[in-house]
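Take a look at the letters that make up each chain.
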Amino acid sequence: MNTSTLIAPPVLVQRAEKHDTKAIQALDSAHFLHPFTDHGDLATRGARVITRAEDIYVWDSEGQKILDGMSGLWCVNAGYGRKELADAAYRQMMTLPFYNSFFQTTNVPAVQLATKLAQLAPKVGGRSFNHVFFSSSGSESNDTNVRLARRYWDLLGQPQRKVIISRHNAYHGSTMAGASLGGMSGMHAQGDLPIPNIVHIEQPYHFENANPGESRDDFGIRAARWLEEKILEVGPDKVAAFIAEPVQGAGGVIIPPQTYWPEIQRIVDQYGILLISDEVICAFGRLGHWFAYEKFGYRPDMITFAKGVTSGYIPLGGVMVGDRVAQVLIDKGGEFNHGYTYSGHPVACAVALANLELMEREGLPQRVREDTGPYLAQRFAELNSHPLVTEAETCGFVAGLVLVKDKARREMFDPDLAVGMVCRGHCFRNGLIMRAVGDRMIIAPPLSMTRAQIDEMMDLIVRCLDATQAELRERGWLV
Ligand code: PXG
């Protein structure tokens, strides 16, 4: 018998919710391998221990209250402490905590959620989304997309159409297919990736990729045509699909020029390839709509979702499958040899339903579209007058800015100085979670945020930028 299982777990939480931070950190280092983490480095610092959350705030084990400008990890759209989501999970666990949806079985919350999602996804250009394939995460969903896209072309008698085109600096997850679709060179380097038949084009990032003096609109067209060039290079009869985030999230909130998506649509239509809209971050109100393709007016064939569908309260993801693909799969497909134990998990689906009802009742997508989103846009743009900041802009409830050394000359800091991390440190110390992607500082706050809370967040951001500027001067990195 393994006696270690008999050892009582250490007491890490004392009465009145006082936490033994050092003990938690020691056990964390000893046993918990975190995602995307340098564990040697973490062991010397000790992880920040987040212990509770309410509304738009989280608290750490030392009692510090922190305004969560990142909604957990782009997912707590409804905000923290929503009792109805916990109630929905409890009720469903007591009724049917699990049953699979293989072997010709189904469950009521999964059916209800699939129906609800089909109702929420707007019809575009005569195409609608009547079917959903469930998974537990964004990564799994994109694996499903690869399987679906290739199966679709097989069934249409074009099995040579295998290639999926994606973009550099895209994020589509961390499984083998997800990381391959993504355009993160660091991930590819460690995983012998991408897997075959996944290729990348450059991202539509005007600040970095435009020619001197090129307007945003001209650049948007040129960037979209990189897709056409790649299709012609690969061979149009070999391309299965193009996958992209409506606005790149993890890549640093890269908002494409308004000319980009219409030109992408022209190209995918011309060559008949499938369009996959990865809306893991952008759906469920994040850009002011239930789904982001609605905002940009393009017509995807598949939509990846996860995160905000449950406001992150429980893992759930999936793919909205448009009629073009679903009908082929259903009419010609026979058995699709793909699925997950937790596809259509009843508890996750029940929480998602409660979350969507809550968002509907409070009109969160509409509020972001018509009220708080425009207000955030106006307040965030004011940051452009800060000496350290350029390119501060928002899209719905995602926002990003660039930290620059010399604004007039658009001179960047040496990347080795990791100026974004300096700023992020000041954010934490001042009670704000803001994410650094290189020297881009980004936010994606809970959609429940009020105008007064936007003001509170903006005050914190300015304070952190000032503190960053002071530190950079002290270090001699800024004159
Ligand atoms: N697609 C997109 C567009 C995402 O943003 C995934 C897929 C993968 O989802 P899962 O649930 O498998 O993690 C994501 C996830 C960051 C960061 O640093 C962003 C994500 C995940 C982890 C970190 O901004 N997005």
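Residues numbered from 1 in each chain as written. Predicted model: local features only at pLDDT ≥ 70, side-chain atom pairs only at ≥ 80, totals over all residues. Heavy atoms only, no water.

(A) Local environment of the overall build of the protein chain. Counting secondary structure elements, the protein chain contains 17 helices and 17 strands. The globule rule puts the C-alpha radius of gyration for 479 residues at 23 Å, and the 23 Å found for the protein chain is close to it. Structurally, the protein chain occupies a C-alpha span of about 65 × 65 × 45 Å along its principal axes. Looking at the protein chain as a whole, 55% of its 479 residues are labelled buried. (Helix = DSSP H or I, 4+ residues; strand = E, 2+ residues; numbered from the N terminus. Rg over C-alpha atoms; globule rule 2.2 N^0.38 Å. Buried < 20%, exposed > 50% of the residue type's maximum accessible area, 1.4 Å probe, protein only.)

(B) Structural detail: the packing of helix α16 (residues 419-429) against helix α17 (residues 451-474). Axis separation between α16 and α17 bottoms out at 9 Å; the angle between their running directions is 130°. The pairing of α16 with α17 is recorded here as oblique in orientation. Judged by the sense of rotation from one axis to the other, the crossing of α16 with α17 is right-handed. Each of Val419, Val422, Cys423, His426, Cys427 and Arg429 in α16 lies in contact with α17, whose residues at this interface are Cys464, Leu465, Ala467, Thr468, Glu471 and Leu472. Taken together, the residues that form the contact of α16 with α17 break down as eight nonpolar, two polar and two charged. (Axes fitted to C-alpha atoms, helices over the stretch in contact; angles between N-to-C directions. Parallel < 35°, antiparallel > 145°, perpendicular 65-115°, else oblique. Left-handed = near helix turned anticlockwise from the far one by under 90°. Contact = heavy atoms within 4.5 Å. Nonpolar A, V, L, I, M, F, W, Y, C, P; charged D, E, K, R; others polar.)

(C) Quick peek at the domain arrangement of the protein chain. In terms of domains, the protein chain is made up of domain 1 (3-76 + 363-474) and domain 2 (87-362). Between the C-alpha centres of domain 1 and domain 2 the distance comes to 27 Å. Contacts between domain 1 and domain 2 engage 33 residues on the former and 34 residues on the latter. Carbon and sulfur atoms make up 64% of the surface buried where domain 1 meets domain 2, a total of about 2600 Å² over both sides. On the domain 1 side of the interface with domain 2, the three residues burying the most area are Trp74, Pro365 and Cys395, jointly 24% of the side's total. (Domains from an automatic or database assignment. Buried area = accessible area lost by both parts, 1.4 Å probe.)

(D) Local environment of the state of the cysteines. Enumeration over the complete set of coordinates arrives at zero disulfides. Free of any disulfide, Cys395 has its nearest neighbouring cysteine sulfur in Cys282, separated by 7.3 Å. (Disulfide = S-S within 2.5 Å.)

(E) Representation of unusual backbone geometry in the model. The step from Leu193 to Pro194 runs through a cis peptide bond, and the omega angle for that step is 0°. Located in the positive-phi region is Asp55, a residue other than glycine, with phi close to 60°. Following the sequence through the fold, Asp55 ends up in the loop between β3 (50-54) and β4 (57-60). The phi angle at Phe103 is positive, at roughly 50°, despite the residue not being glycine. Inspection of the secondary structure puts Phe103 in the loop between α4 (83-95) and α5 (108-120).

(F) Main features of the side chain of Asn107. Secondary-structure assignment places Asn107 in the loop between α4 and α5. At 3.0 Å, the side chain of Asn107 forms a polar contact with the backbone nitrogen of Ala110. A polar contact of 2.9 Å, which involves the side chain of Asn107, links it to the backbone oxygen of Gly344. Excluding anything up to four places from it in sequence, Asn107 contacts Leu96, Tyr99, Gly344 and Pro346. (Polar contact = N/O pair within 3.5 Å; in protein donor to acceptor, adjacent residues only side chain to side chain.)

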